[in-house]
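Remarks on the overall topology
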There are 2 protein chains.
Amino acid sequence: MRMSELSTAAGLPVATLKYYLREGLLHPGAATAVNQAVYDDTHVRRARLVRALLELGNLQLGEIKKVLAAADDESVSLHDAFGVAQDAMVPARDRSGAAYADALADVDAFVQRHRLHVRADAGVRGMLADALVAMRSGGWQFDLAEFDERMPAVVAQAVSEVGQLPPDGRAGQMEASVIGTIAYEVATSALRRLALEHASWRRFGR
Amino acid sequence: MRMSELSTAAGLPVATLKYYLREGLLHPGAATAVNQAVYDDTHVRRARLVRALLELGNLQLGEIKKVLAAADDESVSLHDAFGVAQDAMVPARDRSGAAYADALADVDAFVQRHRLHVRADAGVRGMLADALVAMRSGGWQFDLAEFDERMPAVVAQAVSEVGQLPPDGRAGQMEASVIGTIAYEVATSALRRLALEHASWRRFGR
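Since the model is a prediction, treat every value here as computed from it, not as a measurement. (Residues numbered from 1 in each chain as written. Chains lettered and ligands numbered in written order. Predicted model: local features only at pLDDT ≥ 70, side-chain atom pairs only at ≥ 80, totals over all residues. Heavy atoms only, no water.)

What chain A contains, in helices and strands, is 9 helices and 2 strands. Going from the N terminus to the C terminus, chain A shows its helices and strands as α-α-β-β-α-α-α-α-α-α-α. On the principal axes, the C-alpha backbone points of chain A span a range of 65 × 50 × 35 Å. Looking at chain A residue by residue over its 206 residues, the buried ones come to 48%. Here the analysis covers contacts within chain A between residues at least 6 apart in sequence; of these, 61% occur between residues at least 24 apart. With an accessible surface of roughly 9,600 Å², chain A has 52% of that area assigned to carbon and sulfur atoms. Of note, chain A has its 23 positive side-chain charges centred 6 Å away from the centre of its 26 negative side-chain charges. (Helix = DSSP H or I, 4+ residues; strand = E, 2+ residues; numbered from the N terminus. Buried < 20%, exposed > 50% of the residue type's maximum accessible area, 1.4 Å probe, protein only. Contact = heavy atoms within 4.5 Å. Areas by Shrake-Rupley, 256 points an atom, 1.4 Å probe, with all protein chains shown as cover. Lys, Arg positive; Asp, Glu negative; His and termini not counted. Charge placed at Lys NZ, Arg CZ, Asp CG, Glu CD.)

Quick look at helix α6 (residues 98-113) of chain B now. Between its first and last C-alpha atoms α6 of chain B spans 23 Å; for 16 residues at 1.5 Å apiece the expected length is 22 Å, and the two agree. The set of residues buried in α6 of chain B consists of Y100, A103, V107, F110 and V111 of chain B. When α6 of chain B is viewed along its axis, its buried side chains cluster within an angular range of 95° and face the same direction. In α6 of chain B, the exposed positions that point more than 90 degrees away from the buried face belong to A98 and Q112 of chain B. Elements in contact with the buried residues of α6 of chain B: α9 (170-205) of chain A together with α7 (123-137) and α8 (151-163) of chain B. (Expected span 1.5 Å × (residues − 1). Arc of directions from axis to C-beta.)

On to the packing of aromatic side chains, then. On inspection of all chains with the given rule, the structure shows 8 aromatic pairs over all chains. Taken together, the aromatic side chains of F142 and F147 of chain A together with Y184 of chain B make up a single cluster linked through ring pairs. (Phe/Tyr/Trp six-rings, centres within 6.5 Å; stacked < 30°, edge-to-face > 60°.)

Using the criterion set out here, one finds 31 salt bridges over all chains in the structure. The closest approach of N and O atoms between D106 of chain A and R136 of chain A, which form a salt bridge, is 2.7 Å. Of the two residues, D106 of chain A sits in helix α6 (residues 98-113) while R136 of chain A sits in helix α7 (residues 123-137), which places them 30 residues apart along the sequence. Its relative accessible area of 26% is what places R136 of chain A among the partly exposed residues. One continuous salt-bridge network, built from bridges that share partners, spans R51 and E55 of chain A together with R93, R95 and D130 of chain B. (Salt bridge = Lys/Arg side-chain N within 4 Å of Asp/Glu carboxyl O.)

Next up on the list: the relation of the copies chain A and chain B. Its rotation angle being 180°, the transformation that places chain A on chain B also includes 0.0 Å of axial translation and leaves an RMSD of 0.1 Å. What the superposition gives is, in effect, a two-fold axis relating one chain to the other. When the interface residues of chain A are mapped onto chain B, 100% of them are again interface residues, pointing to one common binding face. (Least-squares fit on C-alpha atoms with pLDDT ≥ 70 in both.)

Time to look at the side chain of R193 of chain B. Relative to the helices and strands, R193 of chain B resides in helix α9 (residues 170-205). Note on R193 of chain B: relative accessible area 6%, which makes it buried. Apart from the residues lying within four places of it in its own chain, the contact partners of R193 of chain B are Q86, M89, V90, V124, M127, T181 and E185 of chain A.

Let's shift gears to unusual backbone geometry. In the Ramachandran plot, N35 of chain A falls in the positive-phi region, its phi being about 65° despite a non-glycine side chain. The residue N35 of chain A is located in the loop between β1 (30-33) and β2 (36-38) in this model. Located in the positive-phi region is N58 of chain B, a residue other than glycine, with phi close to 60°. For N58 of chain B, the location among the structural elements is in the loop between α3 (41-56) and α4 (61-72). On the basis of relative accessible area, N58 of chain B is assigned to the partly exposed category, the value being 40%.

Contact residues are listed per partner, giving 72 residues for chain A and 72 residues for chain B. Between chain A and chain B, roughly 7,200 Å² of surface is buried when both sides are summed, and carbon and sulfur atoms account for 67% of that area. Three residues stand out in chain A for area buried against chain B, namely R192, R193 and E197 of chain A, and they jointly supply 12% of the buried area on that side. With a shortest N-O distance of 2.7 Å, E185 of chain A and R193 of chain B are connected by a salt bridge. Taken together, the connections running from chain A to chain B amount to 26 residue pairs in polar contact (both at pLDDT 80 or more). Of all elements in the fold, only α3 (41-56), α5 (78-88), α6, α7, α8 (151-163) and α9 of chain A reach the threshold of two or more residues within the side of chain A that touches chain B. Ranked by the residues each element gives to the side of chain A that touches chain B, the list is headed by α9 of chain A, at 28 residues. A per-class count over the side of chain A that touches chain B returns 41 nonpolar, 17 polar and 14 charged. (Buried area = accessible area lost by both parts, 1.4 Å probe. Polar contact = N/O pair within 3.5 Å; in protein donor to acceptor, adjacent residues only side chain to side chain. Nonpolar A, V, L, I, M, F, W, Y, C, P; charged D, E, K, R; others polar.)

Bringing α4 of chain B into the picture now. All names here are of chain B. For α4, built from 12 residues, the straight-helix expectation of 16 Å at 1.5 Å per residue is met to within 8% by its first-to-last C-alpha distance of 16 Å. Burial in α4 covers these residues: I64, V67, L68, A70 and A71. Down the axis of α4, the buried set is contained in an arc of 160°. They therefore lie on one face. Buried residues along α4 sit against α3, α5 (78-88) and α9.

What follows is the structure, given as structure tokens:
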């Protein structure tokens, strides 16, 4: 397909696609003439992935390139590539100090308690610690045990979702899992915010 | 307290606090001498709020100022101030086009179905539409009905949380609700990512 058709298929303006090409976020099409190229489904999928990482995931260009490199490097196992993508989706931040040490210890205990196979240096541990530190600094005596009851259902849901990834097609699996991770988080956050606005109306707005 | 004590109490470096003061994100302390001022608990709470909005919420300075202005303006009802804060937490984006029109109609139907009191122009509607558009462009035939069963529990949880906000102290209520909203979202996203890494290990990593 031509650039204009890629634009329609991916739901993105031509100018945005050209920006992705310039930044190396999208692989070049097959040249058919000077200044002309054709694109295929791999470009459509990749453009959607980049858009999700940029707009929903709030990732920086450097982080996006790490995710794409892991997706494309066949020598990295799929599980390891998921790990790279997961880590890229966690903001870099100074996590030193006593409050973080406590929070990270709580995260470790939570992971062990639920027998989760999560890398010792996985970025997501720091992300959960971020939330704990923020809540505690806001005055809540927040304990991860409050999530114990719910966690088995969260794990079952994740196992089901990962089980539904297509059995082959590494690029497709990576793209589906990354978009699924981010979009699902935005959706559940939005549902909670709908409920909070409703709750605020009930208490303060009537 | 002095600046150094504020730094300890808020868990933020002095340089960061000075940056907040310069940008008007933190109100000036009471001057005690040239180049010296004292701070109080309102500064501690405000500094934590700004940090949560910046670091966990990924908000731009302009959006943070809108949230703070709504928190401080006593002529705005608390419910309306919550609405301003909610809207500031949704990224601005072009939500025109057929895919968005479909998604926004689905959101409207969901809000009506669950009898939620949510403003017709609330930004969170666009946020939920963002997730739907991303999932559908990724090839999922995603339907909000999948959340119907869970939504009453989400609403009950939100009503309970808003009910636990302290009965007076407008600034404290705003700060607690904004930090609570953002930190809780980061926490639940992180729990899901822990589960996804575990699920990836089960399917691809063993």
